[in-house]
Amino acid sequence: VDKDGTRRFTLTMRRGLSEFLPGRPVETWGFNGPLLGPTIRAARGDEIRMTVTNRLDEVSTVHWHGMRLPAKMDGGPHQPIEPGATWNPHWTIDQPAATSWYHPHPHGQTARHVYRGLAGMFIVDDDRGEAGLPSRYGVDDIPLILQDKNLAEDGSPTGDPLKGTFGILGDHMLVNGTHRGFLNVGTERVRFRILNGSNARMYHLTFADGRSFHVVGGDAGLLAAPVEVERVSLTPGERVEVVVAFTAGEQVLLRTVSGSDDIDEGDFDLLKIVAAPRLTASPRLPGRLAGAPAPIVVPSNATVRRFRLNGHDAINGKEMDMSRIDEVVPAGAVEIWEVENTVYPHNFHIHEVAFQVIDVDGQKPAGYASGHKDTVYVPSKSTVRLAVQFGRFTDPGTPYMYHCHILRHEDSGMMGQFVIV
Ligand code: C2O
Ligand code: CU
Ligand code: CU
């Protein structure tokens, strides 16, 4: 933090060595270190200045997924960082408390760059009310980045993230880059900020003993009240914040179980959690979460836009074109975006905005998915309607993206561009 209150962060994209399998170091890419990147933490009202340097041999970008900011700072394909170059985006954080993240977004190469290891978490705090939620980072507030990889004998990630219908669906589950990891906890309740940072896999998260837990937040902010569940589903790019209660001395496994879609095959253990023989008392979970953003109100004359996800490479019959603006949205608008799916399961992410799911094939979303989000699952052959709140940073010349966050689809053209004017 500078004297004038500016918060500065330095990120360097570089190569390094990681051991996914013990004793078998392989080349990976990371921010500041060999794999993934540091958790960035800032608060509402902070002025942010980033120094992002590319020490790779190829052009990349860094996109702040979930951040509300001017299009030039967004880090999408229009803000390339050449090898050896430095990019200095800056903005003021003005959004509710949330778990966001950052990752490369170079045109057509996102899947490769993320699969190599480039991704990190970006936590936004807001004094306006996180009271009662565990919030000591690394103690009772734990980030979990879920990724799957296929590993060769020598421990190196294999497979072409741009091949097949969905790209990579790995059979080695990594949590924060660690295969078969464990976590010691020492408090009665622990908040987990869970990010699906996978290229394609959808997770159905549950504990091996079937215990229930509380969801307190989604992609873009806290829920109005905790929602008790035994399972949450997460597609690539989505985040969820949960609070889990533990009893002294127990061990419990966080798992993902198969679903009925092609992107969620297989039951896998993700993380062993070991509770200390004595646990420190935690605050009681509040009945309502004061820091939750207000519901998005859709005006009766709201613009409705329709998006048809075709096959695995186009939206409304068109592949992504860097020089074509697909939609022009007035600053501050609330619109209804209807996303229709034809064949394969997809999801849909919109840069810069927060949205709420109105319905999925006419059905209200699950309680835990009813808060503010920026990425949503679009099951095969269904229609998802979103109430989308756009920001106020106008720039007719610089687009934001919307796309499927299955990176193989994003890279092969299932992406479009909008500007805010
Ligand atoms: Cu997380 Cu356009 O992406
Ligand atoms: Cu994004
Ligand atoms: Cu897709």
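Residues numbered from 1 in each chain as written. Chains lettered and ligands numbered in written order. Predicted model: local features only at pLDDT ≥ 70, side-chain atom pairs only at ≥ 80, totals over all residues.

A. Structural detail: the overall build of the protein chain. From N to C terminus, the protein chain includes 2 helices and 32 strands. Relative to the compact-globule value of 22 Å for 421 residues, the protein chain shows a C-alpha radius of gyration of 20 Å, a close match. A principal-axis box enclosing the C-alpha atoms of the protein chain has dimensions of 60 × 55 × 50 Å. Taken over 421 residues, the protein chain has a buried fraction of 48%. Taking contacts inside the protein chain between residues at least 6 apart in sequence as the whole, the part at least 24 apart equals 77%. (Helix = DSSP H or I, 4+ residues; strand = E, 2+ residues; numbered from the N terminus. Rg over C-alpha atoms; globule rule 2.2 N^0.38 Å. Buried ≥ 20, exposed ≤ 12 C-beta atoms within 10 Å, placed from the backbone. Contact = placed C-beta atoms within 7 Å.)

B. Spatial organisation of the nonpolar core. Counting residues in each nonpolar core, the largest one holds 103 residues, and the members touching the most others are Ile194 and Val242. Not counting residues up to four positions away in its chain, the partners in contact with Ile194 are Leu144, Leu146, Leu205, Leu234, Arg239, Val240 and Val242. (Core = buried A, V, L, I, M, F, W, Y, C linked by C-beta atoms within 7 Å.)

C. Spatial organisation of the domain arrangement of the protein chain. Domain assignment breaks the protein chain into domain 1 (7-125), domain 2 (141-280) and domain 3 (304-420). Taken together, the contacts link 16 residues of domain 1 with 15 residues of domain 3. In terms of residue class, the side of domain 1 that touches domain 3 is made up of 6 nonpolar, 7 polar and 3 charged. (Domains from an automatic or database assignment. Nonpolar A, V, L, I, M, F, W, Y, C, P; charged D, E, K, R; others polar.)

D. Region of the structure containing the sheet that holds strand E24 (residues 314-315). Read from one edge to the other, the open sheet built from 5 strands follows the order E24-E23-E26-E30-E28, with strand pairing classed as mixed. Each of the sheet's edge strands pairs with one partner strand only, and the pair in question is E24 and strand E28 (354-360). One ladder, built from 6 bridges, connects E28 with strand E30 (residues 383-389); its direction is antiparallel. Residue pairing across strands places Phe355 opposite Val388, the latter belonging to E30. (Pairing = 2+ DSSP bridges.)

E. Region of interest: the pairing of strand E16 (residues 203-207). Bridging between E16 and strand E19 (residues 232-234) involves 3 bridges; their strand directions are antiparallel. If you follow His204 over to E19, its bridge partner there is Ser233. Here E16 runs beside strand E21 (residues 251-256); their pairing, made up of 3 bridges, is antiparallel. Residue pairing in the sheet places Thr206 in a bridge with Arg255 of E21.

F. Inspection of the environment of His372 at higher detail. Of note, His372 is situated in the loop between E28 and strand E29 (375-378). In this structure the C-alpha to C-alpha distance between His372 and Gly217, which are 155 residues apart in sequence, comes to 8.5 Å. Excluding anything up to four places from it in sequence, His372 contacts Gly218, Asp219, Ala220, Gly221, Pro293, Ala354 and Gln356.

G. Representation of the sheet that holds E21. One open sheet holds the 5 strands; their spatial order is E14-E22-E21-E16-E19, and the pairing between them is mixed. With partners counted over all chains shown, the strands left at the sheet margins are strand E14 (181-187) and E19, one partner each. Neighbour-to-neighbour, the strand axes of this sheet turn through a mean angle of 25°, independent of strand direction. The sheet contact formed by E21 and strand E22 (residues 268-280) spans 6 bridges and is antiparallel. Across the sheet, residue Leu254 finds its bridge partner in E22, namely Leu271. (Axes fitted to C-alpha atoms, helices over the stretch in contact; angles between N-to-C directions.)

H. View of the pairing of strand E10 (residues 141-151). Most of E10 is tucked away, with 8 of its 11 residues classed as buried. The pairing of E10 with strand E15 (residues 189-196) spans 6 bridges and is parallel. When the bridges of E15 are listed, Ile142 appears paired with Phe192. Note: E10 against strand E11 (residues 157-158), 2 bridges, orientation antiparallel.

I. Representation of the environment of His107 within the structure. Assignment of secondary structure puts His107 in the loop between strand E8 (98-103) and helix H1 (110-115). Judged by the 16 C-beta atoms lying within 10 Å of it, His107 is partly exposed. Counting along the chain gives 303 residues from His107 to Glu410, while the straight-line C-alpha distance between them is 9.1 Å. When sequence neighbours within four positions are dropped, the list of residues in contact with His107 reads Pro77 and Met322.

J. Molecular detail of the environment of Glu340. Tracing the chain through its elements places Glu340 in strand E26 (residues 334-341). A C-alpha to C-alpha distance of 23 Å links Glu340 and Glu265, two positions 75 residues apart in sequence. Excluding residues that lie within four positions of it along the chain, Glu340 makes contacts with Arg306, Phe307, Arg308, Leu309 and Thr383.

K. The confidence of the model for the protein chain, seen in detail. Taken over all residues, the pLDDT of the protein chain has a mean of 96, while the share at 70 or more is 100%. Across the assembled chains, the prediction reports ipTM 0.99 with pTM 0.98. (pLDDT = per-residue confidence, 0-100.)

L. Region of the structure containing unusual backbone geometry. Located in the positive-phi region is Asn176, a residue other than glycine, with phi close to 50°. Counting through the fold element by element, Asn176 comes out in the loop between strand E12 (172-175) and strand E13 (178-179). Of the residues examined, Asn176 has 19 C-beta atoms within 10 Å and is grouped as partly exposed. The phi angle at Arg180 is positive, at roughly 55°, despite the residue not being glycine. Relative to the helices and strands, Arg180 resides in the loop between E13 and E14.

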